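Here is how the chains run, residue by residue.
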Amino acid sequence: MEIIDYIIVTIYLLFIVSLGFFLQRKASTGIESYFLGNRNLPWWVLGASGMASNTDLAGTMILTALVYALGTKGFFIEIRGGIVLYLACLMTFMGKWNCRAQVMTVAEWMKLRFGNGREGNIARIISAVANIIFAIGTISYFAVGGGKFLGEFLGIDDGIAGILLILLALIYTTISGFYGVVLTDIFQGFFIFLAILYICFMTFQTVNLPDTFLISIPGTEQLQEWSLAEWSSITPPIKIDLPGHYSIFNLFGGVMLFYTFKVFLEGAAGSGGYVAQRYFAAKSDREAGLLSLFWIFLLSFRWPLVTSLAILGIDYGLKNQVISDPELVLPTVIAEYIPVGVKGLLVACFIAAAMSTFDSIINSTAAYWVKDIYQAYIKPEASNQQLVYQGRLASIFIVGLGLIFSFNITNINDIWGWLTLGLGTGLFIPLVLRWYWWRFNGYGFAIGTGAGLVAAILTKAVILPFLNMPQLQEYILFLVPSICSFLGCILGTFLTPATNLEVIDNFYRVTRPFGFWGVVSQNLPTNLQAKIERENRRDIMATLIAIPWQLVLFLMGMMLMMKQWENFGVLLLMFILLSIGLYFTWFNHLDKIQK
């Protein structure tokens, strides 16, 4: 970068930190304000903030790497997490279920589901600890990705660059709380959107890919040759033949099946962290649905962006030399294709992408310490000022641990796979069962969560190095924690008494989920049972439409940038038909949701 680029980046960073100080007073009135913005933020603000938080820098680098190396196959691989398909479930049913709970964290939700006794308290503590551990791992992952990007431009060590990014996000987040997170996300999201439009327009105007080209695969010195038709195909293959680190995807059909199953579990679980936080902050069922729709729409622009970056990476390889590490396509493209001045703006935009993710994770995770541990069990009489102070201390502590663990990570894809498949799946099994099975109790949740957490850590640290079977790595990451977690859930549930039926009855009346609730639902008035059943049937049908609708929406942007007009036309027709179905099964009922 040139001096003007550094000046632009510096001005941007100073503005973000100053905004945090400006919002300090508004955020410090209490923990409802500090962690949920007093539940008074409009749906479009929460949706735009969610988009900015999801458009992280590390994720953009790995998505670009996968699309660069594999084309649309990289898109299908990211069903595991990068496509955020669980948003379709949040849009149609899970978002309103979370909103109805009127809690601050997923851990506090355990009181609603399992009661205020020992059972509910154990489930709450285990949930809080598990979410904090997951957040620490996530911060480590984002620190590595952000450091790789920023270090490339500043000419400094990646670790130091990652620390710089997170510390800046930490400063304004600890000062301004959820208000600062959301409002800076809006500002940063606007810059991210400008970056997307600029890069996509430039790529569309200047680059036409040849019929064949070469790319690099991590973990090997070989180059892979792709034909444009195969690289851009919207039909996922049963098998592929790749060397190096990406050989784990060679059994492609099997990989897709269990990624899809994993996403099904994730959507059915209701998510957590900063995602659930947006729904806890929503004003109503209707606004929970609208914020999801807006969130998905804005996120759809991410896929034309990563496709454009991948295309520019290929073009660079054709004109110069093939980029050796696909995870460095993003910084290489910006360094080589973006003019002075604009380069500073784009670097600031991608720093914004990193910081908007950091701030959301930091703020939502600190809530678990403040609400579910400190206020609940250590100092229930704490004042609002003390609770906000604890939130700031917790933010600093969580970030510090995340940075320490980041020093041992070198490959972004490896840690992303472990977070989304191993640790994520181990924690999702009990989160799924809590919504759909009346007999599932707090002890089952606690034991299942603990078993999944321990199994995920041991699988990564011990089992995978011992087996040394890279092609089965992701299957093992998924199966071992999920099986251990499921067994823990079943054993813990049946070896302990059922939750008090009055607690379960109250939970069912408040949230109205579908699933195995016959013991509870049969006690409701007949007319109320019928209304809940109609709503549940619509939600299930809408979800079956919303998932392919979201996939098609995201793929359309990719085909547009690849200039594959036949594929684009097929997808457009599918999108129109699915949108009509979604309108009649979901959108048309938003104003009629039972209160």
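Residues numbered from 1 in each chain as written. Predicted model: local features only at pLDDT ≥ 70, side-chain atom pairs only at ≥ 80, totals over all residues. Heavy atoms only, no water.

As for the overall build of the protein chain
Check the secondary structure of the protein chain and you find 25 helices and 2 strands. Relative to its length of 595 residues, the protein chain is compact, with a C-alpha radius of gyration of 23 Å against a globular reference of 25 Å. In terms of principal-axis extent, the alpha carbons of the protein chain reach across some 70 × 50 × 50 Å. When contacts within the protein chain are restricted to residue pairs at least 6 apart in sequence, long-range pairs at least 24 apart make up 81% of them. Here the protein chain displays about 22100 Å² of accessible surface, and carbon together with sulfur accounts for 67% of that area. For the protein chain, the distance from the average site of its 35 positive side-chain charges to the average site of its 35 negative ones is 13 Å. (Helix = DSSP H or I, 4+ residues; strand = E, 2+ residues; numbered from the N terminus. Rg over C-alpha atoms; globule rule 2.2 N^0.38 Å. Contact = heavy atoms within 4.5 Å. Areas by Shrake-Rupley, 256 points an atom, 1.4 Å probe, with all protein chains shown as cover. Lys, Arg positive; Asp, Glu negative; His and termini not counted. Charge placed at Lys NZ, Arg CZ, Asp CG, Glu CD.)

Description of the state of the cysteines
Applying the stated criterion across every chain, the model contains 0 disulfides. Its sulfur unpaired, Cys484 is 11 Å from the next cysteine sulfur, which belongs to Cys489. (Disulfide = S-S within 2.5 Å.)

Re the pattern of salt bridges
For the structure on display, the rule yields 8 salt bridges. As a salt-bridge pair, Asp285 and Arg100 come within 2.8 Å of each other at their nearest N and O atoms. Taken together, the positions of Asp285 in helix 14 (residues 285–299) and Arg100 in helix 7 (residues 86–101) put the pair 185 residues apart, joining distant regions of the chain. Of the charged contacts in the structure, one is a salt bridge between Asp505 and Arg509, with a shortest N-O distance of 2.9 Å. Of this pair, Asp505 and Arg509 are both found in helix 22 (residues 501–511), 4 residues apart, which corresponds to roughly one turn of the helix. Look at Arg509 and you get partly exposed, because its relative accessible area is 39%. One salt-bridge network, in which partners are shared between bridges, spans Lys96, Arg100, Asp285, Glu535 and Asp539. (Salt bridge = Lys/Arg side-chain N within 4 Å of Asp/Glu carboxyl O. Buried < 20%, exposed > 50% of the residue type's maximum accessible area, 1.4 Å probe, protein only.)

Some details on helix 8 (residues 106–114)
At 3.6 residues per turn, the α-helix brings residues three or four places apart onto the same side. Of all the 9 residues making up helix 8, 8 are buried; the element is thus mostly covered by neighbouring parts of the structure. Within helix 8, the full set of buried residues consists of Val106, Ala107, Glu108, Trp109, Met110, Leu112, Arg113 and Phe114.

What about the environment of Asn536?
Note that Asn536 resides in helix 24 (residues 526–562). Along the sequence, Asn536 and Asn567 sit 31 residues apart, while their C-alpha atoms lie 35 Å from each other. For Asn536, the residues in contact, after removing those within four places along its chain, are Arg512, Pro513 and Phe514.

What to know about the pairing of strand 2 (residues 223–227)
Where burial is concerned, the two faces of strand 2 differ: the one with Gln224 and Trp226 is buried and the one with Leu223, Glu225 and Ser227 is not. Strand direction decides the pairing type here: strand 1 (residues 212–216) and strand 2, joined by 5 bridges, are antiparallel. Residue pairing for strand 2: Leu214 is matched across the bridge by Glu225. (Pairing = 2+ DSSP bridges.)

Things to note about a nonpolar patch on the surface
Together, Leu572, Leu573, Ile576, Leu577, Ile580, Tyr583, Phe584 and Phe587 make up a nonpolar patch on the protein surface, roughly 760 Å² of accessible area in all. One can find Leu577 in helix 25 (residues 565–585). (Patch = residues over 30% accessible without salt bridge, like charges linked within 9 Å, V, L, I, M, F, W, Y side chains within 5 Å.)

A short note on the confidence of the model for the protein chain
On average, residues of the protein chain score 84 in pLDDT, and 92% of them are at 70 or above. The least confident element of the protein chain, judged by mean pLDDT, is helix 2 (residues 24–27) at 61; the most confident is helix 25 at 96. (pLDDT = per-residue confidence, 0-100.)

Looking at unusual backbone geometry
Backbone geometry places Gln102, a non-glycine residue, at a positive phi of 55 degrees. Among the structural elements, Gln102 can be located in the loop between helix 7 and helix 8. Overall, Gln102 belongs to the partly exposed group, its relative accessible area being 47%. Positioned with a positive phi, Arg512 is a non-glycine residue whose angle comes to about 55 degrees. Locating Arg512 in the fold gives a position in the loop between helix 22 and helix 23 (518–521).

What about the environment of Leu572?
Take Leu572: it is sitting in helix 25. You can call Leu572 partly exposed: its relative accessible area is 34%.

With respect to the environment of Val342
Residue placement: Val342 occurs in helix 17 (residues 342–378). Note: C-alpha distance between Val342 and Ile314 (28 residues apart in sequence) is 22 Å. Setting aside its immediate chain neighbours within four residues, Val342 contacts Asp5 and Tyr198.

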